[in-house]
Amino acid sequence: MDHFELRDGALHAEGVDLTILATEVGTPVYVYSSATLTRHYRVLREALDAHPSVLGDSLIAFAVKSNSNLSVLATLARLGCGADTVSEGEIRRALKAGIPGDRIIFSGVGKTDAELAFALEVGVRQINVESVPELDRLIAIAEAKGAKPDVAIRVNPKIGAGGHAKITTGGEGDKFGVPADEAMALYARAAASPHLNPVALACHIGSQITDLAPLEAAFSLLRKLTETLRQQGLPVTRIDLGGGLGVPYTGGATTASPADYAAMVARVLDGLDVEAAFEPGRLLAANAGVLLTRVIQVTERADGRKFLVLDAAMNDLMRPAMYDAFHEVKPVVPREGAEVVYDIVGPVCETGDTFARGRSLAPLQAGDLVVFTGAGAYGAVMSSEYNSRPLVPEVLVDGDRWAVVRARPSYEEMLARETTAEWLA
Ligand code: PLP
């Protein structure tokens with residue numbers, strides 16, 4: 001459920017009319033709903049808390065990569081949410097938004113020495129190590145800093161899942177984590193170092209996973225490996241199950257519910273006595289955001305094909321071009337009349353800048369507003385200035401109030417970041 005609804009004939013984000021936002025902020029613009037973010041967090045929290053003996057102490061660490069806006073993070077921080085981060089920039093964002101270091105997990109396949117040192121300085125909860133060379137670098141950095149960080153070893157369970165090959169991370173050939181047997185050796189190697197405190201195994205097998213079976217298989221493997229480590233006398237007190245749970249991108253889509261997910265996890269972890277962490281991104285943020293955009297024109301070809309040309313483009317919302325992702329398109333003020341079939345495109349000079357082909361929509365005209373729904377995760381974070389289009393702004397709504405939480409740069413600001421080499425001036 002989200003809080004984007006038609007009221008008095010116009011689509012609203014909570015109490016705010018999107019036509020007014022479009023006039024005041026301009027388009028394209030991302031619009032996030034605080035109530036939806038809050039609801040999604042609470043639904044997951046309550047699902048986990050329904051299994052208090054197994055998951056009562058668990059940490060929800062929002063995957064910052066999915067939406068790193070400071071106000072979005074601050075909204076979640078106030079609810080007690082932690083952060084899963086993959087760069088120094090994301091750690092800085094999480095801290096700035098009020099997420100304490102002891103709720104910040106540092107993941108990622110290629111952390112630099114400087115980033116690892118920074119993570120130790122600010123005292124993150126745990127560093128998820130993904131390879132032998134990373135472990136060795138971390139030992140050296142921890143020794144030099146006189147620190148002893150908690151670490152998890154990320155297992156590649158050879159179980160890939162997800163909505164697209166490019167968002168599958170747990171498959172054998174994927175770059176993430178280490179295979180199970182190597183993970184055992186890596187854990188022992190971490191335990192042998194006086195500079196590390198291994199506490200957990202971790203996995204994250206992919207994103208937009210709508211069926212629980214692959215997740216259950218991966219989590220069961222992690223349980224088995226945890227028991228093996230303990231049999232070897234190695235302490236394991238936590239388990240990090242990653243994110244990945246899918247969301248409905250259309251009204252009719254079926255996805256595993258947070259309640260079913262939590263019940264499955266509680267079953268798999270029953271009696272293991274570990275503190276679990278979850279790293280949801282899409283689940284919390286996707287349906288809490290829309291991309292609001294205006295129709296520049298409708299271009300009709302002689303063969304009858306109609307292109308709906310929007311002022312949003314692939315540089316603002318990359319997912320359709322990158323992952324063939326489906327986003328529903330809804331008019332902000334629906335017009336009467338028979339549906340029309342459109343190819344929905346942006347102004348960028350790439351054929352890939354096509355959001356959808358053959359989409360039937362209520363009739364639209366130049367100047368009309370539409371939204372892409374489900375755009376709150378992996379939307380604004382992936383935006384760029386390709387074709388020298390200024391970075392798309394972001395707005396957060398809370399009831400009847402709203403704020404621009406990332407401003408659209410002016411052309412002057414965009415150009416001021418660059419300098420002309422002195423010999424060209
Ligand atoms: N955790 C890790 C390590 C990830 O790489 C990702 C996304 O790729 C996530 C969590 C979040 O995934 P999702 O947004 O599907 O929940």
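Within any chain, residue numbers begin from 1 and follow the written order of that chain's sequence. Where local features are concerned, this predicted model is filtered to residues with pLDDT of at least 70; where side-chain atom pairs are given and counted, the filter is 80 or more; whole-chain, interface and lining totals use all residues. The side-chain figures draw on all heavy atoms in the structure; neither hydrogens nor water molecules are used.

### Looking at the packing of helix 7 (residues 132-145) against helix 8 (residues 180-192)
The cut-off we apply is this: The angle between two axes is taken between their N-to-C directions and runs from 0 to 180 degrees, where each axis is a line fitted to C-alpha atoms and a helix contributes only its stretch in contact. In this text, helices come from DSSP runs of H or I with a minimum length of four residues, and strands from runs of E with a minimum of two, each type numbered from the N-terminal end. Should an angle fall under 35 degrees it is called roughly parallel, over 145 degrees roughly antiparallel, and 65 to 115 degrees roughly perpendicular, with every other angle called oblique. When checking whether two residues touch, look at their non-hydrogen atoms; a contact exists if any pair is within 4.5 Å. Each residue is assigned to one class: nonpolar for Ala, Val, Leu, Ile, Met, Phe, Trp, Tyr, Cys and Pro, charged for Asp, Glu, Lys and Arg, and polar for all the others, Gly among them.
Between helix 7 and helix 8, the shortest axis-to-axis distance is 11 Å and the interhelical angle comes to 5°. Classified by the angle between their axes, helix 7 and helix 8 sit roughly parallel to one another. Facing helix 7, whose interface residues are V132, L135 and D136, helix 8 presents L186, R189 and A190. In terms of residue class, the contact of helix 7 with helix 8 is built from four nonpolar, no polar and two charged.

### Considering the environment of G82
Spelled out, the test is: When accessible area is computed with a 1.4 Å probe and restricted to protein chains, residues below 20% of their type maximum are described as buried, those above 50% as exposed, and intermediate ones as partly exposed.
Along the chain, the position of G82 falls in strand 6 (residues 82-85). Take G82: its relative accessible area is 0%, and that puts it in the buried class. Sequence separation between G82 and G177 is 95 residues, and the spatial gap between their C-alpha atoms is 22 Å. The residues contacting G82, other than those within four sequence positions of it, are L59, I60, A61, F62, I99 and R103.

### Let's talk about the site of the ligand
Rule in force here: Here, proximity means that at least one heavy atom of the residue falls within 4 Å of the molecule or strand. Polar contacts, as counted here, are pairs of nitrogen or oxygen atoms within 3.5 Å of one another; within protein the pair requires one atom able to donate a hydrogen and one able to accept it, and residues that are adjacent in sequence qualify only if both atoms are side-chain atoms.
Taken together, 13 residues form the shell around the ligand, and within it S207, G244, E279, R282 and Y378 come nearest. One of the side-chain N or O atoms of K65 is found 3.2 Å from an oxygen atom in the ligand. For the ligand, a nitrogen atom lies 3.2 Å from a polar atom in the side chain of D84. Considered class by class, the residues forming the shell around the ligand number three nonpolar, five polar and five charged.

### Observations concerning the pattern of salt bridges
This is how the line gets drawn: Every case where a carboxyl oxygen of Asp or Glu lies within 4 Å of a side-chain nitrogen of Lys or Arg is listed as a salt bridge.
Per the counting criterion, the structure on display carries 20 salt bridges. Among the salt bridges present, the one from E121 reaches K145, with a minimum N-O distance of 2.8 Å. Residue E121 is located in helix 6 (residues 113-122), and its partner K145 is located in helix 7; the two are separated by 24 residues in the primary sequence. Residue E121 is classed as exposed on the basis of its relative accessible area, which comes to 55%. Through salt bridges that share partners, R305, D343 and R357 make up one connected network.

### What to know about the pairing of strand 11 (residues 197-202)
Our working rule: One bridge is not enough; two strands pair if DSSP finds at least two bridges between them. The crossover handedness rule: strands pointing away from the viewer, path from first strand over the helix to second strand clockwise, crossover right-handed.
Most of strand 11 sits out of view: five of its six residues are buried. Where strand 9 (residues 150-156) and strand 11 come together, five bridges link them in parallel fashion. Bridged to R154 within strand 11 is A202. Pairing between strand 11 and strand 12 (residues 238-240): three bridges, direction parallel. Note on strand 12: the bridge partner recorded for A200 is R238. Handedness of the crossover joining strand 11 and strand 12 through helix 9 (residues 212-231) is recorded here as right-handed.

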